[in-house]
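Here are the chains, one letter per residue:
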Amino acid sequence: MSDQIEVFGFEKEEIKDGMYEKYKGKKGQTDRIAIIYTDPKAMFAGSQIHYKDKFFLCKKGKCCEVLGPPKWRMGSVVIKYYTDKLGNLKKPFAYELYPWIFSERTFLKLKNTNSEFSLASHDIKVSCTNEEFQHLDITPCNESIWTAKEVLKKTILEGARSIWDFVKKSIATNMSIEDINELLGIVGTTTDPTQTLDLGDVLEQV
Ligand SMILES: [Zn+2]
């Protein structure tokens, strides 16, 4: 068999439909972006997660005992305009849509900005202070470009739809309790307690 052929079951996670490159801040570069949404109550998708080798959904059990309290991880669809390194728009007007997955820290910065400058009507400039951990500084712009023209807005919302589906799938892996225990190296805790209950004992105690 050729080296390029792999053998696997359904556990292989690299195979997903609709892969998109995720938005990431780059050090020494300021981007001008905006969060794309139709409903302000559905701007973000997110969940409480843990990280060990990969991000996985918290099941409020052994995962928290071993790894500590879960953290929020969330995402949205963003538009990134074509700009120079300082985030100034370049001609011709161009943009790309990306899934953006981020941490609590970034969410709180967005929330803070939104309290003064609603992100519905203001683009933001994002500069990255730490690329590996995606520490981002966020400042509001005077206006929102993508919502300025109805035709442009409609095209962008249509383009964002499949990326939004991708965002929801990309927050974290939904692992079974058994798989989480295996990942955490916990052995022999998966037995259903009702199956090993000695009914004789229980009845004596009543
Ligand atoms: Zn947990």
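Residues numbered from 1 in each chain as written. Predicted model: local features only at pLDDT ≥ 70, side-chain atom pairs only at ≥ 80, totals over all residues.

Quick look at unusual backbone geometry now. Glycine aside, residues mostly have negative phi angles, and peptide bonds mostly take the trans form. Cis geometry is found at the peptide bond from Lys 91 to Pro 92, where omega equals -5°. You can see Pro 92 is positioned in the loop between β4 (71–81) and β5 (95–103). Phi at Gln 134 is positive, roughly 50°, even though this residue is not glycine. Along the chain, the position of Gln 134 falls in the loop between β6 (124–130) and β7 (135–140). (Helix = DSSP H or I, 4+ residues; strand = E, 2+ residues; numbered from the N terminus.)

This part takes up the nonpolar core. The tendency in soluble globular proteins is for nonpolar side chains to be buried side by side. Among the nonpolar cores identified, the biggest contains 32 residues, and Ala 34, Ile 36, Val 77, Val 78, Ile 79 and Leu 97 are the most heavily contacted of them. Among the elements that take part in this core, β5 stands out by supplying 6 residues, more than any other. Contact partners of Val 77, with chain neighbours within four places excluded, come to Ile 36, Leu 97, Pro 99, Ala 160, Ile 163, Trp 164 and Val 167. (Core = buried A, V, L, I, M, F, W, Y, C linked by C-beta atoms within 7 Å. Buried ≥ 20, exposed ≤ 12 C-beta atoms within 10 Å, placed from the backbone. Contact = placed C-beta atoms within 7 Å.)

With that out of the way, let us pick up the confidence of the model for the protein. For the protein, the average pLDDT comes to 89, and 87% of its residues sit at 70 or higher. At the low end of the mean pLDDT range in the protein sits helix α5 (residues 193–196), at 54; at the high end sits strand β1 (residues 30–36), at 98. (pLDDT = per-residue confidence, 0-100.)

The pairing of strand β2 (residues 45–52) with strand β3 (residues 54–57) spans 4 bridges and is antiparallel. The residue bridging Tyr 51 from the neighbouring strand is Phe 55, located in β3. What sits between β2 and β3 in their antiparallel hairpin is a turn of 1 residue, with Asp 53 showing a positive phi close to 65°. (Pairing = 2+ DSSP bridges.)

Relative to the helices and strands, Cys 128 resides in strand β6. For the pair Cys 128 and Lys 26, spaced 102 residues apart in sequence, the C-alpha to C-alpha distance is 5.7 Å. Apart from residues no more than four positions distant in its own chain, Cys 128 is found in contact with Gly 25, Lys 26, Lys 27, Gln 29, Gln 134, His 135 and Leu 136.

Spanning 21 residues, helix α3 (residues 150–170) covers 30 Å between terminal C-alpha atoms, matching the ideal 30 Å at 1.5 Å per step. Residues Ala 160, Ile 163, Phe 166, Val 167 and Ser 170 constitute the buried set of α3. On its buried side, α3 packs onto β1, β2, β4 and β5. (Expected span 1.5 Å × (residues − 1).)

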